[in-house]
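What the coordinates show
Read off the chains here:
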Amino acid sequence: MTKVVAAVAVRPWLWPAASAQVLRLARPGWWHRWPPLPLPDKALWRFRMETAYGGAGDAEPDAGDVQSFLRWSRDMRHWRRS
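Worth saying up front: this structure is predicted, and the values here are computed from it rather than measured.

What counts, and at which threshold
Residues numbered from 1 in each chain as written. Predicted model: local features only at pLDDT ≥ 70, side-chain atom pairs only at ≥ 80, totals over all residues. Heavy atoms only, no water. Helix = DSSP H or I, 4+ residues; strand = E, 2+ residues; numbered from the N terminus. Buried < 20%, exposed > 50% of the residue type's maximum accessible area, 1.4 Å probe, protein only. Contact = heavy atoms within 4.5 Å. Lys, Arg positive; Asp, Glu negative; His and termini not counted. Charge placed at Lys NZ, Arg CZ, Asp CG, Glu CD. Patch = residues over 30% accessible without salt bridge, like charges linked within 9 Å, V, L, I, M, F, W, Y side chains within 5 Å. Areas by Shrake-Rupley, 256 points an atom, 1.4 Å probe, with all protein chains shown as cover. Salt bridge = Lys/Arg side-chain N within 4 Å of Asp/Glu carboxyl O. Phe/Tyr/Trp six-rings, centres within 6.5 Å; stacked < 30°, edge-to-face > 60°. Axes fitted to C-alpha atoms, helices over the stretch in contact; angles between N-to-C directions. Parallel < 35°, antiparallel > 145°, perpendicular 65-115°, else oblique. Left-handed = near helix turned anticlockwise from the far one by under 90°. Nonpolar A, V, L, I, M, F, W, Y, C, P; charged D, E, K, R; others polar.

1. Section: the overall build of the protein chain
Helix and strand counts for the protein chain stand at four helices and zero strands. For the protein chain, the succession of helices and strands along the chain, N to C, is α-α-α-α. Along the longest, intermediate and shortest principal axes, the C-alpha atoms of the protein chain span 35 × 30 × 25 Å. Residue burial in the protein chain is summarised as follows: out of 82 residues, 22% are buried. In the protein chain, 41% of the contacts between residues at least 6 apart in sequence involve partners at least 24 apart. For the protein chain, the distance from the average position of its 13 positive side-chain charges to the average position of its 7 negative side-chain charges is 10 Å.

This is the structure:
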């Protein structure tokens, strides 16, 4: 996961899309639990990793895949607004 964070950290134009995705994946009411971090629900994360990479859902996301997804997400947001 460190590689993914580093790959996004050096691309500030992806930060808004990354922030939006972090909040979308976060557990409902994440701010009421300690530590108050917008961490994804474990079952949802496992499902996402299983559908993306196969296996048992324990794969780490590929940094290039995350960057591509964030670019797509950003572009779709702009496309919907126009």
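The rest of the description comes next.
2. Side note on a nonpolar patch on the surface
On the surface, Phe69, Trp72, Met76 and Trp79 cluster together to form a nonpolar patch covering roughly 460 Å² of accessible area. Taking relative accessible area as the criterion, Met76 reaches 30% and is therefore assigned partly exposed.

3. Examining the packing of aromatic side chains
Within the structure shown, the criterion is met by two aromatic pairs. For the ring pair Trp30 and Trp31, a centre distance of 5.8 Å and an interplane angle of 80° mean the geometry is edge-to-face.

4. Here we look at the packing of helix α1 (residues 2–9) against helix α4 (residues 63–81)
Running from N to C, α1 and α4 cross one another at 45°; their axes reach a closest spacing of 9 Å. The angle between α1 and α4 places the two elements in the oblique class. The two elements α1 and α4 meet at a crossing, and its hand is right-handed. Within the contact between the two elements, α1 uses Lys3, Val4, Ala7 and Val8 and α4 uses Ala63, Val66, Gln67 and Leu70. The residue inventory of the contact of α1 with α4, partitioned by class, reads six nonpolar, one polar and one charged.

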